[in-house]
Amino acid sequence: MGAEVNFGTLGEAGANWIGGTIAFVLVTIGLGIAIGRVAGLSPKLATLVACGNAVCGNSAISAIAPTIGAKGKDVTAAIAFTSIIGIVVVFAIPTIAQGLELDPIAGGALAGLVVYAVPQVIAAASPLGPVAAKFAVLIKLLRVLMLAPVIILCVLLHCRGQRDGNPLPSLRGLVPWFIPVFLALAAFKSASWLPDGLTGLAGGVSDVLILVAMAALGLGADVRSLRETSLRLTVTAILTLILMMLFAAVLIAVINR
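Basis of the calculations
Residues numbered from 1 in each chain as written. Predicted model: local features only at pLDDT ≥ 70, side-chain atom pairs only at ≥ 80, totals over all residues. Heavy atoms only, no water. Helix = DSSP H or I, 4+ residues; strand = E, 2+ residues; numbered from the N terminus. Buried < 20%, exposed > 50% of the residue type's maximum accessible area, 1.4 Å probe, protein only. Areas by Shrake-Rupley, 256 points an atom, 1.4 Å probe, with all protein chains shown as cover. Phe/Tyr/Trp six-rings, centres within 6.5 Å; stacked < 30°, edge-to-face > 60°. Disulfide = S-S within 2.5 Å. Expected span 1.5 Å × (residues − 1). Bend = angle between axes of the 7 residues up to and from the residue. Axes fitted to C-alpha atoms, helices over the stretch in contact; angles between N-to-C directions. Left-handed = near helix turned anticlockwise from the far one by under 90°. Contact = heavy atoms within 4.5 Å. Nonpolar A, V, L, I, M, F, W, Y, C, P; charged D, E, K, R; others polar. Patch = residues over 30% accessible without salt bridge, like charges linked within 9 Å, V, L, I, M, F, W, Y side chains within 5 Å. Salt bridge = Lys/Arg side-chain N within 4 Å of Asp/Glu carboxyl O.

Here we come to the overall build of the protein chain. Each helix and strand counted, the protein chain has 13 helices and zero strands in total. The secondary structure elements of the protein chain, listed N-terminal to C-terminal, are α-α-α-α-α-α-α-α-α-α-α-α-α. Relative to its full complement of 257 residues, the protein chain shows a buried share of 46%. Per element, the accessible surface of the protein chain, about 12,300 Å² overall, is 70% carbon and sulfur.

Below is the structure:
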């Protein structure tokens, strides 16, 4: 995934959108966790759902789950519900953007902030025009780039909740090995050290590995356990999505003033 991130291209979004996107991700995670806890979800499941919504859906859930020791059933539940929401949002964004009479940049920002996977972002923003689609991808890639700091933050919070007076682990223990690799590949891509063919291959391999990881996590889950959390997850997902939409609309209005 890191091989698809270009720091130089992301700079085209501008400082306001970069700062706004970072704030959107962090605030959305905080709100999502709070809503999940109030709805009765476990801390780990609430964290998975919140991070999946805020960053990049199933990819974020799969990456964060092992770092916080989430159970297979929590991963299965989080992925199932974020996948359903992702499909609904893709179809809803063009209608919402046109109903609000958003210009291409604002419409693209809405898609980039709310939709999960990059292909879904393109599908949601394309009806609004090529400018909207390009800007939506820029904003989406900014959210993807937040995956590394979000994972480190989740590890820190998890360690804080589990340490019981013990000192925090070393930096090597706090930072999963794939985070430096992610950032290094993004740096290589930004410096044009990766040929286009290799970048495309890396993207394909990334998709396959994510599917394998999700399948492996699913093998340890009991699908019947979804019934225990389905109502609470549904409430959490709907409320979080509504708040994401509202926050995105406010952010767009403030930046576009």
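Applying the stated rule across the entire model yields two aromatic pairs. Centroid distance tryptophan 17 to phenylalanine 135: 5.4 Å. Interplanar angle 75°. Geometry classified as edge-to-face. One end of the pair, tryptophan 17, is in helix H2 (residues 15-39); the other, phenylalanine 135, is in helix H8 (residues 130-145), and 118 residues separate them in sequence. In this structure tryptophan 17 comes out as buried when scored by relative accessible area, which is 6%. Owing to a relative accessible area of 8%, phenylalanine 135 belongs among the buried residues under this scheme. Geometrically, the ring pair formed by phenylalanine 24 and phenylalanine 247 is stacked, given 5.4 Å between the ring centres and 20° between the ring planes. One end of the pair, phenylalanine 24, is in helix H2; the other, phenylalanine 247, is in helix H13 (residues 226-255), and 223 residues separate them in sequence. On the accessibility criterion, phenylalanine 24 (0% relative accessible area) is buried. A relative accessible area of 22% means that phenylalanine 247 is categorised as partly exposed.

A separate point is helix H4 (residues 58-68). Along an α-helix, residues three or four positions apart point the same way, because every turn accommodates 3.6 residues. Among the 11 residues of H4, nine are classified as buried, and the element is accordingly described as predominantly covered. Residues of H4 that are buried: Ser59, Ala60, Ile61, Ser62, Ala63, Ile64, Ala65, Thr67 and Ile68. Among the residues trailing H4, glycine 69 stands out with phi positive, at a value near 70°.

Okay, the state of the cysteines next. A complete count under the given rule lists zero disulfides for this structure. There is no disulfide at cysteine 51, and the cysteine sulfur nearest it, in cysteine 154, is 3.8 Å away.

Okay, helix H5 (residues 72-99) next. Counted at 1.5 Å a residue, the expected span for H5 with its 28 residues is 40 Å, and the 40 Å between its end C-alpha atoms agrees. Its axis deflected by about 35° at alanine 92, H5 carries its strongest bend there, up to four residues before the proline proline 94. Backbone geometry just downstream of H5 places glutamate 101 in the positive-phi region, at approximately 55°.

Okay, the packing of helix H3 (residues 43-56) against H4 next. At a minimum axis distance of 8 Å, the contact between H3 and H4 shows a crossing angle of 145°. Along this stretch, H3 crosses H4, giving a crossing that reads as right-handed. Contacts between H3 and H4 pair Lys44, Thr47, Leu48, Cys51, Gly52, Val55 and Cys56 from the former with Asn58, Ser59, Ala60, Ile61, Ile64, Ala65 and Ile68 from the latter. In terms of residue class, the contact of H3 with H4 is built from nine nonpolar, four polar and one charged.

It is worth spelling out a nonpolar patch on the surface at this point. On the surface, Val27, Leu31, Leu231, Val235, Ile238, Leu239, Ile242, Leu243 and Leu246 cluster together into a nonpolar patch covering about 760 Å² of accessible area. Only H2 and H13 provide two or more residues apiece to the nonpolar patch. Top element by residues in the nonpolar patch is H13. It accounts for seven residues.

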